[in-house]
Every structure is written in structure tokens, then in C-alpha cells.
Amino acid sequence: MERVVIGVDGGTESLRAAVFDSTGRMLGSHASPYDTHYPEPGWAEQNPEDWWEALGEAVRGAVAAAGVAPEQVAALSVDTTCCTVVALGADGSPLRPALLWMDMRSAAQAARVAAADDPALQVNGAGRGPVSAEWMVPKSLWLAEAEPATYAAASTLCEYQDYINLRLTGRRCGSSNNMSVRWHYSTTRGVPHTLMAKLGIPDLADKWPAEVLALGDEVGGLTPAAAAHLGLPAGTLVAQGGADAFVGMIGLGVVAPGQMALLTGSSHLQLGIVGRELHGPGFFGTYQDAVLPGCHVIEGGQTSTGSVLAWFRRTCCAPGTSYTQLDAEAAAVPPGCEGLVALDHFQGNRTPYTDPLSRGALAGLSLKHGRGHVFRAFMESVAAGTALILRTMAAAGYRPDSITLAGGAARSELWLQMHADMSGVPLRLTRCADAPMLGCAILAAVAAGMYDTVPAAVAAMVAVERVMEPAPTAAAAYKAHLERYAALYPALAPIFQGGKLGAQQQPVPEQAPVAAHPGAMPSGGPVEWRGGVIVAPSILAADFANLAAAVAEAAAAGAPWVHVDLFDNSWEACPNFTVGPPVVASLRRHTCLQLDCHLAVRDPARYVDALASAGADGLTFHWEVLGGAAEVEALARRIRGAGMRAGVALAPDTPLPEELVALAQRGEVDMVLAMTVLPGFGGQSFREGVLAKVTALRAACPGLLIQVDGGMNAATGPKAVAAGANVLVAGSFLFGHKQGLAAGMRELLGAIGPADT
Ligand SMILES: O=C(CO)[C@H](O)[C@H](O)COP(=O)(O)O
């Protein structure tokens, strides 16, 4: 008897079930719709009993459509919408309608959660936000405050998906997937007790399921009542599922570090797998162990993508105009739209700016441009938005090797190719369009013992049908266009919202983002990072009266970081006075590049809070000004706690301290800066002798960010990289380059040689 598995996808409009064989072929499916109620503007509720009825109907329908016997079903697994919150009484019955994921009534509570300044918030842009009203904690807080009697009576607050598992098996458990991505839970820190306590709801922890199961774990067998409802044998195995998009990653075969899922529809969602914890501004996550143990998920998102194209067709084209027609008109326009560039932020920007007030735009219109140009400009803006998200992730150390795409974008070859060309990453397309249901089926197959592991099941059940490679000529044609796109939001933000750049301006929380993933530094963007090396232009060599132009030039040249020297003339080894936190705050309003701040001052601790508030991404202080390893460790922790990368600098004559090596090996510092000139002034000669320190440090710390600063040019850069440096700060060479900074970048990177990673 052939064994089959069932995947169930509880969506917003309906619940769908499908039967799959062991090769991942869908044998039959069935959808059952249910209603959503909107009691107030912004509110959205569903009745859990409707889900249960839909589940019975859909599973029976899918089994009938597949033509299999119920006894053939080895297991099933369920994904649902994420953050659809249910309050259950002691007997497991719902106490009120469920708050659907899109329910926004807890917006005020979400703002208070964001302001709670708790370590658990670090997964959101390294603590800079946002916290969405969609999520579990704001919804729970709303219930506690607006309906205290219901909150008090609730013995369980859980997700749609947990409720279904409870009814199927009688087991009250949560999914580490849902909890990691939207409950501020982590597999190492556990439940966010301090956050709950700060919000005045410490008892929320008791209402959450105490048992947390990973995707694919056995939840249990169907109870007799559930079996009768589904038309399956009692005892049929139920495997743990999770949130639809994340289970969809499994259905797309995205289960290993370096892989990314791109889920497209009215919006875009970029979900990448990282081998270790990684936090940073401009993206969400990483969510620890959120898909498979050891696989952390990094998240980016664009709120309006397919919806922008739909808007254009609806409002700007004659009735009956087809996408095929618009696609053909767009295909006749060259990449870059002959100077026309659009911004896709019609409904705000989720990442990298996290700015709900940003809006769409078209810039560069001329009388030559026609409808095909405008449609293409919107298509390109969406692909460029994805490329910018990838660049932001790359600056923190994550670069996907492949992107597996699902959803509406797959219907346009032209649009697909734009995504591949601008991202510089091959796009994979799989056989099964219903990735969440296939993901559930894979989890069920593993729980049923049909495969030993999720990756083994993925290898057998996910079929990659096509790989679309970036076309080198088009990618080159898009370089300048991407820079124009990247410059649009910073230029328009003042118009949209009075000069603020969204969440980057928000205060950061008390505790630590973990070190950026070192050693795997970025490629992508208009200039490739050769050999995994970051070049950070030092604005010490720029015109201090025109720093906005300097950072714009650095961005246009493809630099991921800008190096900012903060000297206050307080340390005799650095007799210069440059800029302070207010200038960093101003720079933050002009760039989304990482602001890498070097403090050559006597008392660096006094600037930590101000620089964090200013939006600095990294803060490097000098070993020489502190009183030893314990003080260095404490300050590094404080810097990380303020949401920044912690670096320790050594003046050229300072020998490499063993204690610093030990701190780096223990992961207590993110970067070591070996100064190759005396701190204070640009334009000095490179001290090659310093490289012995770099060599020793690289041998001891293979994954560390090692920065060199001073006298860097096309002759000295390759020597620093050969010694083991992977972050090069260059001032006079770049800002003083006769052909401009971009030419200097090309020369430096060209001298370093091709990427070896
Ligand atoms: O930190 C510095 C000096 O303390 C500068 O960033 C560094 O010297 C870079 O300048 P240049 O490339 O001109 O040598």
C-alpha cells in the first residue's frame, strides 16, 4: 500500500488540504472557505469553529480527489496564518473570536512593546524596530487591557495552528517556528519574561503553551473524535507545523544556510537561512532555529510589489489591458528605462528603512517616456527593492547563493529576469506552486519515518524545474540604475515625513545584537567585494562642509560602510578634533550605509549612548585607553547592548595583546582595527610592519572582522588582505582619487583581485 501524506494550509480566506505522494507530487486537493468579520475599522476576526469545519471538509475532499484510501495517509501537518491569536478556556474552547493576523487594534500596545527596551526585541532591526500590531505580544497586551475578564479566564493564548493541533491530538504545544518569528521567543533565551514583566503581564508566560515543538516533531495521533471529523483512522500521526510563509520555505527546498526563499504576491518577502545568529539594522531576524535546528532565518520585506503593478493596470490603463500586453511594452524598453526610476513604497517600506510613511514615486520623466517605460520602471523598482534588501543583508554578512521564488512574479519572464539581474543571484523555480502545503507534507513525511531528515525529504520531494542565471550584460546595465533607486528614498524622505529616516532614528535597546557574520562578506551591488573584503571610505578625507555628498558618493560607488573618525583631542596619541555624535545623526539622515565609527578618544564610554541614538552601526574604541581586558570586555558588551558592532583598535606601535585575542576568540568583540598609521590624520604612509599583527590575529581568529586603517591604496590594500584583513578603510586614496571615488574603489578592489569565496 503506497503511503501518502497530507499538507494543510490555513490561510486568510480559506483552508486548503492536499494529498502528496512520497515524491512530492500532489495527488488531490480541496479548499474550504470561511468568513472574516470586521467589527471595527482595522479589526479582523475569525471563528475558530469555522476553521475546524473547514479542516474536516478540506481533508475529506482532498483524500477523495486524490483517490487514496484513508488508511494510506501516514501523517499530516498544518501551517496557518501567523499571529492569528486565540484565547482558550481551561477546557480548550475559544473564549472569543480569534484576532486575525491583520487585526490592527493593538497598534498602541505595539508601540509600548517597541519602547520597552528589552533584549527580546533585538530580532527587529537589531532592536530598532518595528514591533507590529500583528504580533502575539501586542495582541495579548490588548486583551489584558481591553478585555481583562477574558484575559483572566484564558488558560491558553496561542495561534490558529496550535489550536488546530490541540483539537487534532489533545496536546497543548506551541511551534518554535511561530514563537521565534513573532512571539519574541528564542530557543536559547526562551520565553521573554522580562518583556512581559515590563509590560505588566508577567502571567502571560503561563498562558502560552509550555511545550514548544520544532517543525516536523511528532505532536501525536488523531483523537477518535478528530479522526471521525477528518475521515482518517484514529491515531494518524500529526507533525508539528508553523507559519505559512516559513513552512513554505521547506516546500521550496530552502533548508540550508545560503539559500533564500522569495515569496511574491501583492508584497515580497525575502526569507534567508543563515548558519548562525545575525542581527543588524535594515532587516529582521535572525530568528533562531526557526525552520530547522541550527538554521536561523533572516527576513526582509517589501509591502507593495505585485500590488503596484496591479494599481498601474487598474488606474492608468484602459479596461481590459492585460499584463501580457504591458509586459511586452516593458520588454521593448531597455534596462534602466532610459533614465526613469520609480520607488515601490506605495504602502510604506518594511525593510531596509522600516518607514510606514514612505510612498511611491517616479523620477526622471521626460516627454520621450511612454506607458511601457512607466510599467517597466515599476517592475524594476520592485526588483531593485529586493536587490537593496540583499545589499543591506550583505553588509551585515549574509549573502544568499540562490533564491527560490514562488508566487505571482513567476508569471512574468521579464520580471523574473530583472530580479536575477539586479540581485546577482540565480533564481530557482520549483514544480509545486503550493509551497506551504508541500512544506507541511514534507514535515509529515519525516515524522512518519518516510525520510530520516527534512533535508532528505526535501531532496526527494522538491523538484527544481528551472534555474534562471543573472545575465551579465543586463546586470552591468542595471548598476547605475540601482544607485539611482537607492538614492531615491533618502532624497524623498524629507518630503514624506519631515526629514526622518524611519526606524533607524528610533532609540536602541539595552542588550546586544550578536556579532555580524564575519568572513562571508558581501558581493552584489554595483561593485563586487573581492575576496570577501569590505572597503569603507573614510570621510576624514572628505569635504567636511559637504559630508552628505561624500556619503552619497560612497553609496554610488557601492561601498557598504562609511568610516567616521570621531576625535575630541582628549587623548594625547590622537591630537586632532573632528566630529561628534550630532554629525553622525545627520549622516544617518542621508545614508543607509553602515556608519562605522572609530573613537580615538580618552573616554569612549561617554559617547556610547549618543552614538547609538545617532544611528551608528559600529563603534570601535582603543585598547590603549582602557585598563585591561575586563574593561574592554565590559565596554564591548555595552556597545553591543546599544545595538552596535563592537570594535577594538590598536595603535601601530601597540603589540597584539593576548587578552584581546582571547576576547575575540570568545566572540566578545566583533572587530579588531589594526591602525597602520598614527591615529589622528589622513595622508600618512602605510606602516607595513603592522601587518604581522594582522597575520597573527587572523591565524588565531579565522572568522573575525579585521580592519586596517591608514595609508590604504591599490599597492597597500592587497598586502593587508594577504595578511588577513577583511575591512579596508581608505581616506585620501578614495576621496582624493583623480577620477573620483568610484574609480578609486574599482582600482582598489581590482588590485585585491577576484573574490575567492
Ligand atoms: O583614522 C584615520 C586616521 O586616524 C583615517 O581614517 C585614516 O588615516 C585613513 O586616511 P588615509 O587613507 O588618508 O590614510
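Residues numbered from 1 in each chain as written. Predicted model: local features only at pLDDT ≥ 70, side-chain atom pairs only at ≥ 80, totals over all residues. Heavy atoms only, no water.

Engineer: Got a minute to help me understand the site of the ligand in this structure?
Structural biologist: In the neighbourhood of the ligand, 21 residues make up the surrounding shell, with D565, G680, D709, G731 and S732 lying closest. In the environment of the ligand, an oxygen atom lies 2.8 Å from a nitrogen or oxygen atom belonging to the backbone of G680. Taking G711, its main chain carries an N or O atom lying 2.8 Å from an oxygen atom of the ligand. In isolation the ligand has 360 Å² of accessible area, and contact with the protein removes 99% of it. (Near = heavy atom within 4 Å. Polar contact = N/O pair within 3.5 Å; in protein donor to acceptor, adjacent residues only side chain to side chain. Areas by Shrake-Rupley, 256 points an atom, 1.4 Å probe, with all protein chains shown as cover.)

Engineer: How should the pattern of salt bridges be read in this particular structure?
Structural biologist: Note that side chains of opposite charge can pair when their charged atoms are close. Counting across every chain of the model gives 26 salt bridges. Ionic pairing is found between R105 and D103, a salt bridge with its closest N-O pair at 2.6 Å. With relative accessibility at 10%, the residue R105 sits in the buried group. On the basis of relative accessible area, D103 is assigned to the buried category, the value being 1%. Between E145 and R112 there is a salt bridge whose closest N-O contact spans 2.5 Å. In this pair, E145 is assigned in helix α3 (residues 136-146) and R112 in helix α2 (residues 107-114), connecting sequence segments 33 residues apart. What makes E145 partly exposed here is its relative accessible area of 37%. The class for R112 is partly exposed, based on a relative accessible area of 39%. Residues joined by salt bridges that share partners form a network here, namely E45, R96, D103, R105 and E147. (Salt bridge = Lys/Arg side-chain N within 4 Å of Asp/Glu carboxyl O. Buried < 20%, exposed > 50% of the residue type's maximum accessible area, 1.4 Å probe, protein only. Helix = DSSP H or I, 4+ residues; strand = E, 2+ residues; numbered from the N terminus.)

Engineer: I tried to follow the packing of α2 against α3 on my own but got confused; where do I start?
Structural biologist: Between two packed helices, both the angle of their axes relative to each other and the distance between the axes serve to describe the pair. Look at α2 against α3: their axes get within 8 Å of each other, and the N-to-C directions meet at 120°. The angle between α2 and α3 places the two elements in the oblique class. In terms of crossing hand, the pair formed by α2 and α3 is right-handed. Along its contact with α2, which presents Q109, A110, R112 and V113, the element α3 presents V137, P138, L141, W142 and E145. When grouped by side-chain class, the residues that make up the contact of α2 with α3 number six nonpolar, one polar and two charged. (Axes fitted to C-alpha atoms, helices over the stretch in contact; angles between N-to-C directions. Parallel < 35°, antiparallel > 145°, perpendicular 65-115°, else oblique. Left-handed = near helix turned anticlockwise from the far one by under 90°. Contact = heavy atoms within 4.5 Å. Nonpolar A, V, L, I, M, F, W, Y, C, P; charged D, E, K, R; others polar.)

Engineer: Looking at this model, I keep getting lost on the pairing of strand β29 (residues 727-730). Mind explaining?
Structural biologist: Regular strands place side chains that alternate from one sheet face to the opposite one. The alternating pattern of β29 places V727 and V729 and L728 and A730 on opposite faces, both of which are buried. Both strand β22 (residues 534-537) and β29 contribute to a ladder of four bridges, which runs parallel. Looking across to β29, one finds that A536 is bridged to V729. The sheet contact formed by strand β28 (residues 705-709) and β29 spans three bridges and is parallel. When the sheet's bridge partners are listed, V708 is paired in β29 with L728. Handedness of the β-α-β unit built from β28, helix α24 (residues 716-723) and β29 comes out right-handed. (Pairing = 2+ DSSP bridges. Right-handed = clockwise from strand over helix to strand, strands pointing away.)

Engineer: Looking at this model, I keep getting lost on the packing of aromatic side chains. Mind explaining?
Structural biologist: Aromatic rings considered in pairs are described by the distance between their centres and by the relative angle of their planes. Within the structure shown, the criterion is met by eleven aromatic pairs. Judged by centre distance (6.1 Å) and plane angle (50°), the ring pair of F312 and F378 falls under tilted. Within this pair, whereas F312 is found in helix α11 (residues 306-316), its partner F378 is found in helix α13 (residues 371-396), the two being separated by 66 residues in sequence. There is no split in this pair, since F312 and F378 are both buried. When the ring of F346 is compared with that of F378, the centres are 5.6 Å apart and the planes differ by 80°; the resulting orientation is edge-to-face. With F346 in the loop between β17 (341-343) and β18 (361-363) and F378 in helix α13, this residue pair connects regions lying 32 residues apart in the sequence. Three or more aromatic residues joined by ring pairs form one cluster here, namely W311, F312, F346, F375 and F378. Taking the ring centre of W43 as reference, the NZ or CZ of R105 above it sits at 3.7 Å. Over the ring of W561 we find R645; its NZ or CZ atom is 3.8 Å from the centre of that ring. (Phe/Tyr/Trp six-rings, centres within 6.5 Å; stacked < 30°, edge-to-face > 60°. Lys NZ or Arg CZ within 6 Å of the ring centre and 35° of its normal.)

Engineer: Would you take a moment to explain the side chain of Q594 for this structure?
Structural biologist: Structurally, the position occupied by Q594 is in strand β24 (residues 594-599). Taking the relative accessible area as the measure of exposure, Q594 reaches 8% and is therefore buried. Within polar-contact distance, the side chain of Q594 engages the backbone oxygen of A395 at 3.4 Å. Those residues in contact with Q594, other than ones at most four positions away along the chain, are A395, A396, P560, W561, V562, D617 and R645.

Engineer: Explain the side chain of E380 to me, please; I cannot follow it from the model alone.
Structural biologist: Along the chain, E380 turns up in helix α13. In terms of polar contacts, E380 uses its side chain to reach the side chain of H481, at 3.0 Å. When residues no more than four places from it in sequence are discounted, the contact partners of E380 are P334, P335, G336, C337, M418, M422, Y478 and H481.

Engineer: What exactly am I supposed to notice about the sheet that holds strand β14 (residues 268-274) here?
Structural biologist: Adjacent strands of a sheet form backbone hydrogen bonds with each other and so pair up, either parallel or antiparallel. One open sheet holds the seven strands; their spatial order is β15-β16-β14-β13-β19-β20-β21, and the pairing between them is mixed. Each edge of the sheet is formed by a strand with only one pairing partner; in this case those strands are β15 (284-287) and β21 (464-468). Across the sheet, the axes of successive neighbouring strands diverge by a mean angle of 25°, strand direction being ignored. Bridge count between β14 and strand β16 (residues 296-302): seven bridges; the pairing is antiparallel. Opposite I273, over in β16, you have V297 as the bridge partner.

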